[in-house]
Amino acid sequence: MDFLQTPAGTLISLLSLLLLLSTCSGLYEDQIKKFDWRSVHVGSLKHAYVDLNHFQPRVLLSTHEQVIGSLCPKTGEIIWRQVLEKKPRGDIKLLQVSGFADDSSDTAAAPMGSHLGFDMMTVQGHAPALVRGWNTNIGTIEWEWSIMPLNTERAQDAVWFYSNSILYHVVPAWRSHIEVTSYFATSGHTTGSTSKIMAAWINPESCLLSGSFYVCLDGKQLISLDLVAKSTQVIATSLSAEPRSKIHDLPGLSGVLIVDKKLVSVNKDQAVCPDLSSDSYIVGSFNSRKVIAYADLINNMLNINAVYLEDCSPVPELHLSVAFAEHYGAPTLRSFDCKSKRNSDGKNCLFLLSTSAESIVAVQQGRVRWTREESLANVIDTQFLDLPLADTEGTLENEMKGKAVDSNSLKRDIATAFMRRITTQALQIKSLFLHVIGLGPPPTATQRAGLVRDSFGLHKMLVLLTRSGKIFGIDNIAGKHHWKLYLPNVAGFENSEQMRLIVQRSSKHFPLQPLCAIVAKSAVSNGNGVLFRFNPITGQASEGGLLQLNYKIKQLALLPETEEDYVKGILILDGANKVHVEPKHATPLAHGMYLYTADLKTAELEGYYVKYAGGELSALPIWNVRLGGHNSEQQIISVASKNPIEHVHSQGRVLGDRSVLYKYINPNLVAFVTQAPDATHKSVLNLYLIDVVSGSVIFSMTHRKVRAPLHIVHSENWLAYSYFNDKVRRTEITTIELYEGSAQANNSVWSSLQAPSMPLVERQSYIIPTIVEAMRETITERGITNKHVLIGTASGGIVEMPWHLLDPRRPISSTTQGREEGAIPYIPELPLPTENYINYNQTVARLRNIYTAPSGLESTCLVVATGLDIFVTRVAPSKTFDLLKEDFDYILISIVLVVLTSGSLIVRHLASRKLLKQAWK
């Protein structure tokens, strides 16, 4: 009998088959882009090359965010991208594409079977400078070499250029000389000794490299040197007038510059068309002849023209006139290429442009072919806004407001409420009938776009403010861009403070529309403030739109709501310590407010009391704190205050003996972190917790031999911050909790002016096995849900860390009291399990910030992570305790309810009959 036919043999065969099968690892269904989405970007354009005649048409580019990549010329989608090192190591100095130009000296393609040559070459950084050769089909590095300069400070100003397979490294010594070293591009071997060219007239403000010519502006003339000429001669080129703006080079033509919209050549062998005048130029080829294309924006129309370089005759085939949206900003031509059409009827040309709003725009065949909103790679502030109510909910809201008004008047009888209800229902029936027969009112624009509030408050408008001054209104569920706005000539403030996005009126005040404001600094009017107010749902300007202020902004704060229009006023402290309020009618509400300012460089804090008297506001200085130390070397590197919309649900913590340890909840407490070099400890980090109303220092702590990057989270009675420990070379997280003790000083009203007792401080440090890039706490509507800390890592992951693991009260050993409190025994290493990564494989490149907001569900917190990419999701720290699961069996529960109801009725009938029979006995 065959062994395999026996039961034992069959069992062994099944076990062998199971061992051969590989296990399947996957995600739950609700994790696969069901409640989240990601937007991938490359950044603002720095270099670009369009190549339509390659066997695989592509757009090769590099960006200011240290990214190189390839785009599809038909759709603008990313074919591949490589995120390089951060600045200064990853700063791209040169991007050279092999064989792109007609000049054979630019060709460096590798011969068959050879590892020499390159498709694309980049030069990045300065200490060291990395030279890399890339395969442009798949985006891989084929070779690499580096050089380490002797003088690092001078190497920061170094520039590079490529010619005839030789890579030239140009290092200027300002007001002295220029050092030029040549290398074989693919190997990195020097071709000879470094040449030193005396040039006492060079300076960092007015010099640049144009091909192989080093050019400097000196009054009404251009002084230049040809760095590859056999005999170095100083070339002076006179100008008709001193330039009013900064001069620029024209890529593709060596020794040609753009001076006040005109082309000027310092190269005697290169002729240009001096009669041209345009905002933007680019060099390309058409019909095997070199052409200069130029673009101008006139009345929102983009006009592109071109001339042949040899005789300056126009090229009518390249003339285009395209409607250019206002939110794109000012365009700049970057590259273009042409390809013969399939029917051999002319050529099809693609023009690539970058804009002042950091967008990438492709124009082809008289229309905008595609756009990429790369300003989203530099988001500086976000807000979640509730969507407007539907028509039926809005009618109910009006009715409830009517009842509230009636309750305060004499007309609060039942008849009035009954008539209002009958009238409302009649109007609803009429609207339904008209809608059925097709005569009803058309839906509004927001309703057509699906911007209607849902039952759980999960569907919101995500408003994003970017570094370039562009504002986006994005659907947080699907990621759709509903509207875009662009504010030209705005910038951030002093002390590296970015522009602010402020919600002045939310969507809860129906029928009033929500209102947001952008507070920025004008880039053209001597740095005065700018205030722009708009509707965050429609993206339209509101309340006057753009307002140019006649003063500089030093500090700002948000006032309480006004009863007139429910708008929160913006309190502004200007450079002369005068106080202003926008809108003006909210000025009386500023009385009694407290402000503070912090100078990052001097580490000096000042507190002010705002007083309203005689119809005017004034700021009275009340306290001053200097954190600079005895030698004033300390500088503030981080300031962390509490979230103003945060609710504290529990005021105490129950201990193992059933007593209560009350939290020290001071809404005016702000954390300041300073850093300074130290001769003994290399670097010292100081943490200060300061009450910004009274100016008193509540707590301070010092860390030695630690340094930035530092990220801090401040919430309720605790804070957590990460830093790099230089002594043991690892990232650590320190957590602090503040408690009042077993009794509260005041359980109803907090006042910083009553000098409360100093808090009890619990502190602990942990080791985290990754580099921290961002930290943020979760927040919910009522604060009932557990607090988790979202930690963004350098690898692009976002870890949801429960506060139980970061709790500074974790006992060293497992004790009875610790077990009663539910505290986990202390272990210095923090675990990073893969299931705690909320973005699973949706990596966020160059992660910088994490923003959180509450939803309508107490269990759910909305999250948006920004960096080079954007990732939007939702988290439930305490699970979805207030929401049924999607796989909940409604049919089964309905059957059970019907059976139980029917059974109870039958049993009730039988019981009544039994009681009747017993009564007749």
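Conventions adopted
- Residues numbered from 1 in each chain as written.
- Predicted model: local features only at pLDDT ≥ 70, side-chain atom pairs only at ≥ 80, totals over all residues.
- Heavy atoms only, no water.
- Helix = DSSP H or I, 4+ residues; strand = E, 2+ residues; numbered from the N terminus.
- Contact = heavy atoms within 4.5 Å.
- Areas by Shrake-Rupley, 256 points an atom, 1.4 Å probe, with all protein chains shown as cover.
- Patch = residues over 30% accessible without salt bridge, like charges linked within 9 Å, V, L, I, M, F, W, Y side chains within 5 Å.
- Salt bridge = Lys/Arg side-chain N within 4 Å of Asp/Glu carboxyl O.
- Phe/Tyr/Trp six-rings, centres within 6.5 Å; stacked < 30°, edge-to-face > 60°.
- Buried < 20%, exposed > 50% of the residue type's maximum accessible area, 1.4 Å probe, protein only.
- Pairing = 2+ DSSP bridges.
- 1 Å grid on protein atoms, 1.4 Å probe; cavity = no way out; pocket = protein on both sides within 12 Å on 5 of 7 lines; lining within 4 Å.
- Points joined across faces, edges and corners; volume = space filled by probe spheres on them.
- Nonpolar A, V, L, I, M, F, W, Y, C, P; charged D, E, K, R; others polar.
- pLDDT = per-residue confidence, 0-100.
- Disulfide = S-S within 2.5 Å.
- Axes fitted to C-alpha atoms, helices over the stretch in contact; angles between N-to-C directions.
- Polar contact = N/O pair within 3.5 Å; in protein donor to acceptor, adjacent residues only side chain to side chain.

> Go over the overall build of the protein chain, please, and point to the residues and values.
When helices and strands are counted, the protein chain shows 8 helices and 59 strands. Long-range pairs, those at least 24 residues apart, make up 50% of the contacts in the protein chain with a sequence separation of at least 6. As displayed, the protein chain offers around 46900 Å² of accessible surface, 54% of which is attributable to carbon and sulfur atoms.

> Could you give an account of a nonpolar patch on the surface, naming the residues involved and the relevant values?
Together, Leu884, Phe888, Tyr890, Leu892, Ile893, Val896, Leu897 and Leu900 line one region of the surface with nonpolar side chains, adding up to about 750 Å² of accessible area. Take Leu892: it is sitting in helix 8 (residues 890–920).

> Lay out the packing of aromatic side chains in plain terms, naming residues and giving numbers.
By convention here, two paired aromatic rings are described through the distance between centres and the angle between planes. Under the criterion given, the structure shown has 15 aromatic pairs. With a centroid separation of 5.4 Å and an interplanar angle of 40°, the aromatic rings of Trp145 and Tyr183 are classed as tilted. Placement of the pair is Trp145 in strand 9 (residues 140–147) and Tyr183 in strand 12 (residues 177–184), with a sequence separation of 38 residues. A single burial state applies to Trp145 and to Tyr183, both of which are buried. Taken together, a centroid distance of 5.7 Å and an interplanar angle of 65° make the contact between Trp483 and Phe534 edge-to-face. Placement of the pair is Trp483 in strand 32 (residues 481–486) and Phe534 in strand 36 (residues 529–534), with a sequence separation of 51 residues. Side by side, Trp483 and Phe534 carry an identical accessibility label, which is buried. Put simply, the rings of Phe118, Trp143 and Tyr162 touch in pairs and so form one group of aromatic residues.

> Give a description of the pairing of strand 9 that names residues and reports values.
As judged from the 7 bridges shared by strand 8 (residues 129–135) and strand 9, these two strands associate in the antiparallel manner. Note that in strand 9 the partner of Ala129 across the bridge is Ile147. If you look at the hairpin formed by strand 8 and strand 9, you'll find 4 residues sitting between the two strands, and Gly139 has a positive phi there, around 75°.

> Can you break down empty space enclosed by the protein residue by residue, with the values?
Evaluated as defined, the whole model comprises 1 cavity of 30 Å³ or more. In this structure, the largest cavity encloses a volume near 60 Å³. Around the largest cavity, the lining residues are Lys34, Phe35, Asp36, Leu458, Asn476, Ile477, Leu862, Val872, Thr873 and Arg874. Here the lining of the largest cavity gets 3 residues from one element, more than from any other, and that element is strand 59 (residues 870–875). When its residues are assigned to classes, the lining of the largest cavity shows 5 nonpolar, 2 polar and 3 charged.

> Kindly report on the pairing of strand 11 (residues 166–173), identifying the contributing residues and their values.
Burial of strand 11 is extensive: 8 of the 8 residues sit out of reach of the surface. Bridge analysis of strand 10 (residues 159–163) against strand 11 gives 5 bridges, and the strand direction is antiparallel. Looking across to strand 11, one finds that Ser163 is bridged to Ile166. In this antiparallel pair of consecutive strands, strand 10 and strand 11, the connection spans 2 residues, and Asn164 shows a positive phi of 55°. Note: strand 11 against strand 12, 8 bridges, orientation antiparallel. Directly across from Tyr168, in strand 12, lies its bridge partner Ser182. Connecting strand 11 to the antiparallel partner strand 12 that follows it, the hairpin turn spans 3 residues, and Arg175 within it adopts a positive phi of roughly 60°.

> Requested: an account of the confidence of the model for the protein chain, with residues and values cited.
When pLDDT is averaged along the protein chain, the result is 86; 90% of the residues meet or exceed 70. Below a pLDDT of 50 lies the segment residues 109–114, which in the model reaches 7 contacts outside its immediate sequence neighbourhood of four places, other chains included.

> Please give an account of the state of the cysteines that cites residues and values.
Taken as a whole and assessed by the stated rule, the structure comprises 3 disulfides. Two residues share a disulfide in this structure: Cys273 and Cys312, whose sulfurs sit 2.0 Å from each other. Negative torsions about the S-S bond denote left-handed disulfides, and the value of about -105° found for Cys273 with Cys312 makes this one left-handed. Taken together, the residues Cys273 in the loop between strand 20 (262–265) and strand 21 (280–286) and Cys312 in the loop between strand 23 (301–308) and strand 24 (320–323) connect sequence positions 39 residues apart. Its relative accessible area of 3% is what places Cys273 among the buried residues. On the basis of relative accessibility, which here comes to 33%, the residue Cys312 falls in the partly exposed class. The disulfide partner of Cys338 is Cys349, and the gap between their sulfur atoms is 1.9 Å.

> Mind laying out the sheet that holds strand 48 (residues 682–691), listing which residues take part and the relevant values?
Read from one edge of the open sheet, 4 strands run 44-47-48-49, paired in antiparallel fashion. Since the sheet does not close on itself, it has two edges, and those belong to strand 44 (635–640) and strand 49 (697–704), each with one partner. This sheet shows a mean twist of 20° between the axes of neighbouring strands, independent of strand direction. As paired elements, strand 48 and strand 49 share 7 bridges and run antiparallel to each other. Residue pairing in the sheet places Val684 in a bridge with Arg704 of strand 49.

> So, the side chain of Ser522: which residues are in play, and what are the values?
Looking at where Ser522 falls in the secondary structure, it is placed in strand 35 (residues 515–522). At 3.3 Å, the side chain of Ser522 and the backbone nitrogen of Val524 are in polar contact. Not counting the four nearest positions on each side in its chain, Ser522 is found in contact with Asn489, Gly527, Asn528, Val530 and Gln548.

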